[in-house]
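# Summary of the model geometry
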4 protein chains.
Amino acid sequence: MADSVAMRDLEELKQRQRAFVAARDWQRFHSPKNLAMALSVEAAELVELFQWLTEEQSAAQDAGLRRRAAEELADVLWFLVRIADALDIDLLAAAEDKFAKNEQKYPAERVRGQARKYDEY
Amino acid sequence: MADSVAMRDLEELKQRQRAFVAARDWQRFHSPKNLAMALSVEAAELVELFQWLTEEQSAAQDAGLRRRAAEELADVLWFLVRIADALDIDLLAAAEDKFAKNEQKYPAERVRGQARKYDEY
Amino acid sequence: MADSVAMRDLEELKQRQRAFVAARDWQRFHSPKNLAMALSVEAAELVELFQWLTEEQSAAQDAGLRRRAAEELADVLWFLVRIADALDIDLLAAAEDKFAKNEQKYPAERVRGQARKYDEY
Amino acid sequence: MADSVAMRDLEELKQRQRAFVAARDWQRFHSPKNLAMALSVEAAELVELFQWLTEEQSAAQDAGLRRRAAEELADVLWFLVRIADALDIDLLAAAEDKFAKNEQKYPAERVRGQARKYDEY
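Remember, predicted model here, so these are calculated numbers, not experimental data.

On to the overall build of chain A, then. Scanning chain A from N- to C-terminus turns up 7 helices and 0 strands. From first element to last, N terminus to C terminus, chain A shows the α and β order α-α-α-α-α-α-α. Across chain A, the fraction of contacts at a sequence separation of at least 24, relative to all contacts at a separation of at least 6, is 64%. Element-wise, carbon and sulfur atoms account for 45% of the exposed surface of chain A, whose accessible area totals about 5,400 Å².

Shown next as structure tokens:
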């Protein structure tokens, strides 16, 4: 888009979404319940790209695959930011909290090598 | 976490993830195929919070619900940033492209009110 | 299809799938991992039909919606039977076991009315 | 369960579900929209079992994995039969229709070997 400026951060994305949604009168569709459904559908569209590929193929950096993946990732990000806005949740603060929890839950010295988390089912 | 500093942006999240994953030797599990699966599983855990609630209940800003939703959103963001890193995709640039496409696909003057996108199935 | 006979049961579906897959040499794609991904993608396509509808609209028995839902349900059933075959799991026996567990987990006299399961999050 | 009789078919599962749900007064939660969400969540729990496994590991017929997979498959089947009931859709008839479509969409002589469906993304 000729006159677009680069998206700077999640805050800008949130603000631009609000304008986009309001201009279309789509707020009434955007309950957290519905947005969660839409988010999961976009995540599934990402999964679909990889379902018949081997892990190696999925990591092969094929140009066509990366382009399609970028679109699906953008869709996931879209609804992620939108639902965070609807629930008034700060995504980066939530990520910060999650980091602290994961550091405690998976101490490097204990899970390293054996990769416990990944071996149990 | 007492000594944590606030997460500034997606770039910082990506860099901290890389260190976290490397310290645990988890790279070998993180093919795009596997990360897409994990992303969709986290999205489903968000859906699970809302599946038996009405839309109104989902939007009621209940404190317990918001706290649990924040955790799931953080998990989705985690794998979203991780898979974008694995595929070398710039999330904000992808979001920018998606905005341009959506502006064309859903012109405000045409979809407003009738909300075409939401009425067709 | 003029000469098709009605599918009698899950066993017949399984047998016909095996022939269908073998005739196309698709076995190598059908690891349980891949089939689980495909199953979840089909489930998401079902979710997509309902994501912007109210619960009432979803239950309105619209002919077009029912036709599309039938296709998605068939796709889910397809991969469900296929993965059960790959893992040598008897679906009806598993359903029987689940019934017994759910009877114990949710005693009618205790959950009735208050619907505990559905109120907690 | 000592006095259980083997589940014979999907029709019996549907009838027993109806009694189970009615005894708990859970009908009001079971709109097609909600049931589709629940179905996708159960599908994701299946995906979770396999997300960090290789395809080979997923096919290794490990006893613990098969037992957990059987539970998740039963949960998927549960909601699949339940939503089909809610929408008055005959699952086996839908599977029959899907077979006819797939025979036309993927003619064995054309897709065999090259496995076109699985190579495109």
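In this section: the pattern of salt bridges. Tallied over the full model, the rule gives 40 salt bridges over all chains. The partner of E71 of chain D in a salt bridge is K101 of chain C, with the nearest N and O atoms 2.8 Å apart. With E71 of chain D in helix 4 (residues 63-86) and K101 of chain C in helix 5 (residues 91-105), this residue pair bridges two chains. Using a relative accessible area of 44% as the deciding quantity, one classes K101 of chain C as partly exposed. A salt bridge links R16 of chain D to E12 of chain D, with the shortest nitrogen-to-oxygen separation between them at 3.6 Å. Taken together, the positions of R16 of chain D and E12 of chain D, both in helix 1 (residues 10-24) and 4 residues apart, correspond to about one turn of that helix. Because the salt bridges share partners, they merge into one network encompassing R8, E12 and R16 of chain A together with E96 of chain B.

So, on to the nonpolar core. If you look at the biggest cluster of nonpolar residues, it comprises 168 residues, and the most contacted ones within it are F50 of chain A, F50 of chain B, F50 of chain C together with F50 of chain D. F50 of chain A has contacts with S58 and L65 of chain A, P32, K33, A36, I83 and L87 of chain B together with M37 of chain C, leaving out every residue within four places of it along the chain.

For helix 1 (residues 10-24) of chain B, built from 15 residues, the straight-helix expectation of 21 Å at 1.5 Å per residue is met to within 8% by its first-to-last C-alpha distance of 21 Å. What helix 1 of chain B keeps buried is the set L10, E12, L13, Q17, F20, V21 and R24 of chain B. Along helix 1 of chain B, the residues classed as buried sweep out an arc of 160° about the axis, all on the same side. Contacts from the buried residues of helix 1 of chain B go to helix 1 (10-24), helix 5 (91-105) and helix 6 (108-111) of chain A together with helix 4 (63-86) and helix 5 (91-105) of chain B.

Okay, the interface of chain B and chain A next. Tallying the contact residues gives 77 residues for chain B and 76 residues for chain A. For the pair chain B and chain A, the two sides together bury roughly 6,800 Å², of which 67% comes from carbon and sulfur. At the junction of chain B and chain A, the tally comes to 10 salt bridges. As a salt-bridge pair, R24 of chain B and E103 of chain A come within 3.3 Å of each other at their nearest N and O atoms. At the junction of chain B and chain A, the tally comes to 36 residue pairs in polar contact (both at pLDDT 80 or more). Broken down by secondary-structure element, the contributors of at least two residues to the side of chain B that touches chain A are helix 1, helix 2 (32-50), helix 3 (55-58), helix 4, helix 5, helix 6 (108-111) and helix 7 (116-119) of chain B. Top element by residues in the side of chain B that touches chain A is helix 4 of chain B. It accounts for 14 residues. Classifying every residue of the side of chain B that touches chain A gives 47 nonpolar, 12 polar and 18 charged.

Here the phi dihedral of Q61 of chain A falls at roughly 60°; this positive angle occurs in a residue that is not glycine. Its location among the elements puts Q61 of chain A in the loop between helix 3 (55-58) and helix 4 (63-86). Positive phi, close to 55°, is recorded for D88 of chain D, a residue that is not glycine. Tracing the backbone shows D88 of chain D in the loop between helix 4 and helix 5 (91-105).

This structure, assessed with the given rule, holds 24 aromatic pairs over all chains. Aromatic rings pair up to connect F20, W26 and W78 of chain A together with F99 and Y106 of chain B into one cluster. Its end group placed over the ring of F20 of chain A, R24 of chain A keeps NZ or CZ at 3.6 Å from the ring centre. Positioned above the aromatic ring of F99 of chain A, the side-chain terminus of R16 of chain B is 4.5 Å from the ring centre.

Expressed as a screw transformation, the operator carrying chain B onto chain A has a rotation angle of 180° and an axial translation of 0.0 Å, and the superposed copies differ by an RMSD of 0.0 Å. On this basis, the relationship between the two copies can be described by a two-fold rotation axis. The position closest to the rotation axis in chain B is occupied by the C-alpha of S40 of chain B, lying 3.2 Å away. Interface overlap between copies is the fraction of interface residues in one copy that are interface residues in the other; for chain B against chain A it reaches 99%, indicating a shared surface.

Basis of the calculations
- Residues numbered from 1 in each chain as written.
- Chains lettered and ligands numbered in written order.
- Predicted model: local features only at pLDDT ≥ 70, side-chain atom pairs only at ≥ 80, totals over all residues.
- Heavy atoms only, no water.
- Helix = DSSP H or I, 4+ residues; strand = E, 2+ residues; numbered from the N terminus.
- Contact = heavy atoms within 4.5 Å.
- Areas by Shrake-Rupley, 256 points an atom, 1.4 Å probe, with all protein chains shown as cover.
- Salt bridge = Lys/Arg side-chain N within 4 Å of Asp/Glu carboxyl O.
- Buried < 20%, exposed > 50% of the residue type's maximum accessible area, 1.4 Å probe, protein only.
- Core = buried A, V, L, I, M, F, W, Y, C linked by side-chain atoms within 4.5 Å.
- Expected span 1.5 Å × (residues − 1).
- Arc of directions from axis to C-beta.
- Buried area = accessible area lost by both parts, 1.4 Å probe.
- Polar contact = N/O pair within 3.5 Å; in protein donor to acceptor, adjacent residues only side chain to side chain.
- Nonpolar A, V, L, I, M, F, W, Y, C, P; charged D, E, K, R; others polar.
- Phe/Tyr/Trp six-rings, centres within 6.5 Å; stacked < 30°, edge-to-face > 60°.
- Lys NZ or Arg CZ within 6 Å of the ring centre and 35° of its normal.
- Least-squares fit on C-alpha atoms with pLDDT ≥ 70 in both.

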